[in-house]
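Observations on chain architecture
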Amino acid sequence: QVQLVESGGGFVQPGGSLRLSCAASGLTYTINQMGWYRQAPGKERELAASITPVGSIDYADSVKGRFDISRDNAKNTVYLQMNSLKPEDTAVYSCNADLISGRVSWGQGTQVTVSS
């Protein structure tokens, strides 16, 4: 079992920045890839960014150049630095961990609202 707890969401004006954190606990040695997904109202959930244990990173085209994902393996924490935020970035952001068993763990999600 792996538990994920997100923090750092909130309200920000367009152009602002937020930093999300996702702390993993439990059988953290079973974690493979980690990622941040987001789901806006009325839209399907999409992958915003992902990172492997060795640091290979992938971004959705919509966030490239603005978001930065990083991972502290010693702290079992993954971060998402979000800059130049736009209203269309408004969504519930959820942390995800792919486990070596093939299972997937999810955090509870954190709301990010970008509005003037």
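Here's a quick rundown of the structure. Note that this is a predicted model, so its numbers are computed, not measured. (Residues numbered from 1 in each chain as written. Predicted model: local features only at pLDDT ≥ 70, side-chain atom pairs only at ≥ 80, totals over all residues. Heavy atoms only, no water.)

1. A word on the packing of aromatic side chains
Here the structure, examined in full by the defined rule, presents one aromatic pair. Relative to Trp 106, the ring of Tyr 37 lies with its centre 5.0 Å away and its plane at 65°, an arrangement referred to as edge-to-face. Taken together, the positions of Tyr 37 in strand S4 (residues 31-39) and Trp 106 in strand S10 (residues 104-106) put the pair 69 residues apart, joining distant regions of the chain. The partly exposed category is assigned to Tyr 37, whose relative accessible area is 23%. A cation over a ring is seen here: Arg 19 above Tyr 79, with NZ or CZ 4.1 Å from the ring centre. Across the ring face of Tyr 37, the terminal group of Arg 45 is positioned such that the distance to the ring centre comes to 5.9 Å. (Phe/Tyr/Trp six-rings, centres within 6.5 Å; stacked < 30°, edge-to-face > 60°. Helix = DSSP H or I, 4+ residues; strand = E, 2+ residues; numbered from the N terminus. Buried < 20%, exposed > 50% of the residue type's maximum accessible area, 1.4 Å probe, protein only. Lys NZ or Arg CZ within 6 Å of the ring centre and 35° of its normal.)

2. Examining the pairing of strand S5 (residues 46-51)
Pairing of S4 with S5 involves five bridges; the strand directions are antiparallel. From the neighbouring strand, Gly 35 faces S5, where its bridge partner is Ser 50. If you look at the hairpin formed by S4 and S5, you'll find six residues sitting between the two strands, and Gly 42 has a positive phi there, around 75°. Relative to strand S6 (residues 57-59), S5 runs antiparallel, the two being bridged by three bridges. Each residue of the ladder has a partner; that of Ser 50, found in S6, is Asp 58. The antiparallel pairing of S5 with S6 creates a hairpin that spans five residues between the two strands, and Gly 55 there sits at a positive phi of about 95°. (Pairing = 2+ DSSP bridges.)

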